[in-house]
Structure formats: structure tokens, C-alpha cells
Amino acid sequence: MAHWLGIDKSTIGNTYPTSILPTYNRIVINPSNPQEIYISHNVKHDYSFGPYDVWKTINGEKNWFPATRTGSYWSNETDKNYWNNVRNTPKTSINTKFAHLQHEMEIREELWGCRFLSINSNGDLFISLDQRILKSTDHGANWPQIDDIESSPGSKIWTGKGGSNLPGRMMLVETGIPGRKLFCSGEHELWKSANSDSNQRPIAITQIEVQVNPGGAHSTGAVAVHPTDPDIIYTVQNRQNHRDDFRKSTDGGATWNNIGEVIDYPNTNLSADVMHWNSLLVDKNAPNKIIVCLTSNPVSEVGGFNKLDHGKFGVYKSTNGGSTWNLSNSGLPEGGSVNRMALFPSNDNAVYAALNNGRNGVKVGLYRSYDSASTWNKINTLPADVTSINNIFINPNNNDIYIACGSFSGTAAQGGIWKSTDKAAT
Amino acid sequence: MPQVWQLEVSKKNNNIIIATVGRHKYFLNGGAYISRNVGTTWIKVRKNLANHDRITDIKTDPDDENVFCLSELVSVWYRRQWYPSSTTPSTGDEHFYILNRQTSQKIRPSNDTDGATLIQVPSSWSGDFTRWKTIDTDNNYFYLQNIETGMYFRPEGDLDGDDLSQRPTNYTGTYTQWKKVTTPDGYFYLQNRETGMYFRPETDADNAIVIQRPISYSGNWTQWKFEYIAGSASKENFKKKVMLPITQNLLEYIRSHLLPETFT
């Protein structure tokens, strides 16, 4: 309301208008019945007014009523008399059904926004609520989610149908437990493969953090597993709850605790101020030594946060298992963007850092540390054109080093994949 | 690939590299690329991917060189099986190269005529002459049909050393039928239904002819694998669509051949 009236939220008091007009942005009509019309709005992003996400009329606009009903407003029967007697709403019970979000969607208010509304030639309706895709085949009476299928009722093991809007992020495919893979996502934190049947298509997965763990972290930046105890999992988050916290589970992801804060930054604007953490790496011989990098120019990510001083980006290091952290950029160039790091397979004290072009155009390259990321030195054996190193991979089979290079505006000679078979000597 | 975001080498096979390529000012074909020959040649992977050029992570499977998975910016995770050597190909990967275990080279008909001999060619060749598909018959036997010529192949006779040559698809007898005889490590023999024999390239040279050998020849020379070509089934349908004459059977043809691919 404050948004539309142009006043501060703190001063709005009880100055409410007597009527409102939601910001509708979609309208569909049943091809077989022009009297059956649906309209929707995005409460969250268009500053519209709830409750309800989709309205419906069956008599050509004479009477409208909520076609989708989700969340605490409806389960608590709020304003029930109004809907039943004033608006003549046929039903006021919840009529949406979600996959892994079901519990959360039952207890939240209807403030997520409907992202789209479509209808097909049969009159089937499709909407997206809180990034889930729901379909109604009964003219809006019921709306089950259709993009995730539960293996069996109550199992909380899901297979995707390819319609997901979840942000996909880092995957950890070697986790110390054969067949277990960990999948990071934005806003839906951390998942793992639900069984070891690698031939199953699609792969079944189950969430181990966040909607299954209210109050948990939302958006994993990077995940790592302890080298000798696979039940110990570490995460660091790039936005939302627990952003920049270093979190640890000692029971394979069932429970989580903050054990440190990688960077000292106020918990303001947790949604928009994104910190791009990458390459969370644990020394396999000395597991208390952990490093992670904060990337200032995240080329393969959604853009976002860059309010930190240049000096705050780069490599962070802990020597006590993640309790305390220090910036460890000694030897790295000012303005460079550490995009990824890699431990040398046979010597964890040797670390390589791939620096892509900095946000302000600083061109740097590939760096190496021989003291577990305490100090860094530039590798000067790269071809002269190659300055923007987006990623590094060291083949554990033979220690060959590969780098992924190039930038959006760079030349072909600056891009491509380069390989060294002699520890970057040539 | 002027802007490579990431690459990984398979833990199971140092020749396999997967990479993601970002959008570039002038190079718009970003996405996931795979190579089986240490980066000499690449194939882009995009079938069924919602955001094929917005890949945030890509990983090879630690246990299976034919599997990798990737994350997309707004559509989470995908698992892809590709180029399976002796297992079921992914949906859409219908065509394959036939590679010899000993020489690592491919086979093709020497030209497009009835009776052309089968010859060995370098593994870098990838045109439709080197591509094949199976057409099942019964009891695990199948024809091997060349994608360029549309013909099968068979041994010329029953003798050890007979050439293998190309024949039209009206040669439906047992001479043109083959079955796989598996070995423990992913390769297989191809045994003729009529003669019961295997086949091999005569030498390791380019253009060496392919000849029939008894099953006592059990070494690497008589062992083969199929390297499946990602998305090749849709390519074949495209070719058929272009070449299809307008006939009264058109509707039936579309119903039986094109609709399933179009609508899956």
C-alpha cells in the first residue's frame, strides 16, 4: 500500500483506501466457453493485493471469485463471512497442492505471486505459484503441482518432469558415499540423490535443507564434504537466510548449525545482495584447513550484488574447521575476480586460482599458492592473449591442468581450453 | 569457443572432456559441449534442455564415463547419458559409428552402389557414410543400415576371408542379419546369422577392406562398439521430411514416423 500511495511504510498507519484494484497482468478465456474467464496477478513482484492469485468468472464478468486458494488466509478461514455471503464464493477451502513446498505453502500468506497463466484448447489451466507449475483440469476447482512427482506418497523423494523453475547451482558428485550426489539450488538450498540406481531416469532426489528444515538456509553458494567423514557436510550461502554463514551438518544433512561467518557483512537486503561463493575446498590431509572464494565478476551466474569494496572479494581461508575466516589475497592483484579454485590432487598445499576479468576490466590470469592459499604467485607461462581464466580443472588421474578461458567481449584467441601436462610450467 | 566457463575431464576416461561455453559478443551458440577425443572434435548438447546456454555447473559421473549431469540457471539439474558404447542410447541417439577395438577406426561402404565393399576409415570421419542404425528382426538379430545409402551389409559368402559388402534392404535373409556377442569390457563381436562368423578389418590401414572371420578369432580385431550420436534420430526425421515425396501414403507416414518425435 505504501508503494502505491508513495509514502513510507512506517507512516502509513491506518490510512487505507476503501477499494483497491490489483495489478492484473494475465487474462485467459476458455476456448469452449467464452463466459469462463480467468485473470491473475503477481502480488509479490507487482506490489499487487492479495489474497488469491487467480480470479475466475463463469458468467462473463458479472461475478468474480478466487479460483486459487493457498496458504494461511484460507486455512484460517479469514474473512469467511465476506467470501461466502458478500462475494458468493462457491468454495473457500485450500485448492492448491504442492510438492516439496506443501507444508510451507500451507502456513504462509499468499504473497508469492503468480508468474504466468495459460489455458490450452481443452480448457486446462496452467499457472506458476512461487515458481511451481500447477495445472487444473477441472476448470479451476483443483490445482495440483505437475512438475515434480513423488515416488510414493509421503516419501518426500521426487523426480522432476523438466518444468522446474528452481535455480540450479553447484553439484558435488563425489561425496565419500558411493552413489550419493549433492545438488545445490537457489531458494531451495540442498538436495541429494535419493538412491544409488544410476540408471533411473530421471534421477530421484530428496531435499535435505531448507523447506524441510524451517529456519534453514535458502540458497547454497557452495557445498563440501569432510574428506574422511562423509556425514559432515559444509555449505556457504549466497543469499537469503544465512547468507555468508558457514554451516555444518554432522549427520548427513539432517540437522544444521552455523559454525562461523565467512565475511563480516550486515544482514541487510538478504534477497538482492547476492554473494557469489565458489570452490569451497577442504584439505584432505588437514581438514581444518578450508578455503572458499568470493567472486566479484560471476560470469556464469545471475548478476547481482557488488556493493562490497574490491578488497573484500577474493579468497577466504579458515584454519580451524570454519569457525573463523580471514581474507587471504596476499599476492593476488587488486581488482581481480577469483572465479574458481582447485587443489592439486597429490598435494593439497598447492592451490590454483582461476581469475577472470575483474568487474572494472582488470585482466589478470592464473595464480598458484604452495602454502594452502596463504600467499599467491602469478603463473607466467600462459599464452600472452589468455588473461580471463573462468575455471580450472586438474585431472586426478594424471595431474594434467586444464583452464577454461575467455570473456564476453574477448577475442577467439583469448578464449578456449588450454592444457598443461607439467604443472603449468608450459 | 571464445568464452569457456568450465570444463571437466572424465575420471573414467581421460579422452572425454565436457565443457560449458558462455554467450559471447559474436559467438551466440553457448551451451554444453562434449568431446570424446581430448577436444579434437566437439558436439553440442541441448536436447531437452530448457536453458541450454545458461549452465552453472557441469560434472562427469565418477562411475560411468557415459554419464554427465549439469545445472541450469533456472531449471535445476539434468542427467545425460551419451555415446553409450554397448548399452541403451539416450532418447534421440539413434545413429552410431561402428568402431573397431584394435584400430579405433570406423567402417563405411566404399560408395553408394549395390555391392560396394565395406572399408575402414579414420575415426575422425563423421559423415553419414560412417553412420549406422539397427533395425531389429527377431531373437536379438538386427540389420545394420547405413544412414547415407540406406543399405544393409553382409558377407559375400560362407568362407573365412570373404569380403563384406553393401546390399539393398530387399536382402532380408539371414546373411544381412547380425547380433551382438558381448565381451566383459563393453565391446562386442558382431556375429552373422547365416554364417555364424565375426568380421574384422583386414589390416590397420585406411581403406582396408572388412572381411569375415570364424569365431575362433576372438581378439581385439573382431571386437566392435557403437558410438551413439546425440540427437541423431531427430536429424533423420528431418531428412525424411525434406526428401519425402507427396504421396497418398503421406498421412500414414507422418503418423507412423514423424509424430512421435515431433510431440515428445
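Every chain begins its residue count from 1, and numbering advances along the sequence as written. Naming scheme: in the order in which they are written, chains are lettered from A and ligands are numbered from 1. Confidence filtering applies because this is a predicted model: local features only for residues at pLDDT of at least 70, side-chain atom pairs given and counted only at 80 or more, and all residues used for totals across whole chains, interfaces and linings.

Enquirer: What exactly am I supposed to notice about the sheet that holds strand 6 (residues 114-119) of chain A here?
Expert: Two pairing modes exist for strands in a sheet, parallel and antiparallel, and in both the strands are linked by backbone hydrogen bonds. All names here are of chain A. Two strands pair if DSSP finds at least two bridges between them. Each helix is a run of H or I in the DSSP string that is no shorter than four residues. Each strand is a run of E no shorter than two, and both are numbered from the N terminus. Taken in spatial order, the 3 strands line up as 6-7-8 in an open sheet, and their pairing is antiparallel. Two strands lie at the open edges of the sheet, namely strand 6 and strand 8 (132-136), each paired on one side alone. Here the strands of the sheet are splayed against their neighbours by 15° on average, with no regard to which way each runs. In this structure, strand 6 lies alongside strand 7 (residues 125-129), joined through 4 bridges in antiparallel fashion. When the bridges of strand 7 are listed, isoleucine 119 appears paired with leucine 125. The axes used here are C-alpha line fits, helices contributing only the stretch in contact, and every angle between their N-to-C directions lies in the interval 0 to 180 degrees.

Enquirer: Honestly, unusual backbone geometry in this entry has me stumped. Any pointers?
Expert: The amide bond that connects Gly50(A) to the next residue, Pro51(A), takes the cis arrangement and shows omega of -5°. As for its position among the elements, Pro51(A) is in the loop between strand 2 (33-41) and strand 3 (54-57). Phi angles above zero are rare outside glycine, and Glu187(A) is one such case at about 70°. Within the element layout of this structure, Glu187(A) appears in the loop between strand 13 (182-185) and strand 14 (190-193). In the Ramachandran plot, Asn207(B) falls in the positive-phi region, its phi being about 70° despite a non-glycine side chain. Relative to the elements of secondary structure, Asn207(B) occurs in the loop between strand 17 (198-201) and strand 18 (210-213).

Enquirer: Explanation requested: the sheet that holds strand 22 (residues 314-318) of chain A in the structure shown.
Expert: Residue and element names in this part refer to chain A. Strands sit in the order 20-21-22-23 across an open sheet of 4 strands; the sheet is antiparallel. Edge positions in the sheet fall to strand 20 (277-282) and strand 23 (326-327), since each of these pairs with one other strand and no more. Summarising the sheet, strand 20 and strand 21 (residues 290-294) pair through 4 bridges and their orientation is antiparallel. Bridge pairing in strand 21 places valine 282 opposite isoleucine 290.

Enquirer: For this particular structure, what's the right way to read the interface of chain A and chain B?
Expert: Interface size is commonly expressed as the accessible area that is lost once the parts come together. At the interface, 42 residues of chain A touch 36 residues of chain B. Among the elements of the structure, strand 12 (168-172), strand 13, strand 28 (389-394), strand 29 (401-405) and strand 30 (416-420) of chain A are those that each provide at least two residues to the side of chain A that touches chain B. Per element, the largest residue contribution to the side of chain A that touches chain B is 4 residues, and it comes from strand 12 of chain A. Residue classes follow a fixed rule: Ala, Val, Leu, Ile, Met, Phe, Trp, Tyr, Cys and Pro count as nonpolar, while Asp, Glu, Lys and Arg count as charged, and any other residue, Gly among them, counts as polar. Tallied by class, the residues present in the side of chain A that touches chain B amount to 18 nonpolar, 21 polar and 3 charged. Two residues qualify as being in contact provided that their C-beta atoms, derived from the backbone, are within 7 Å of each other.

Enquirer: Is there a simple way to think about the pairing of strand 3 of chain A in this case?
Expert: Taken residue by residue, a regular strand's side chains alternate between the two faces of the sheet. All names here are of chain A. Residues with at least 20 neighbouring C-beta atoms inside 10 Å of their own are called buried, those with 12 or fewer are called exposed, and the rest are partly exposed, where every C-beta is derived from the backbone. Alternating residues of strand 3 divide into Val54 and Lys56, all buried, and Trp55 and Thr57, none buried. Examined bridge by bridge, strand 2 and strand 3 share 4 bridges and lie antiparallel to one another. The residue bridging tyrosine 38 from the neighbouring strand is lysine 56, located in strand 3. Pairing analysis gives 2 bridges linking strand 3 to strand 4 (residues 65-66), with the strands arranged antiparallel. By the bridge assignment, tryptophan 55 is partnered in strand 4 with proline 66.

Enquirer: Explanation requested: the nonpolar core in the structure shown.
Expert: Soluble globular proteins tend to bury their nonpolar side chains together. All names here are of chain A. Joining buried Ala, Val, Leu, Ile, Met, Phe, Trp, Tyr and Cys residues through C-beta atoms within 7 Å gives a set, and that set is a nonpolar core. Grouped together as the largest cluster of nonpolar side chains are 117 residues, with contacts concentrated most on Val223 and Ala353. With near-sequence residues (within four places) excluded, alanine 353 lies in contact with Val315, Val338, Met341, Tyr367 and Trp376. Of all hydrophobic cores here, the second largest spans 12 residues; its members include Trp112, Leu125, Ile127 and Leu134.

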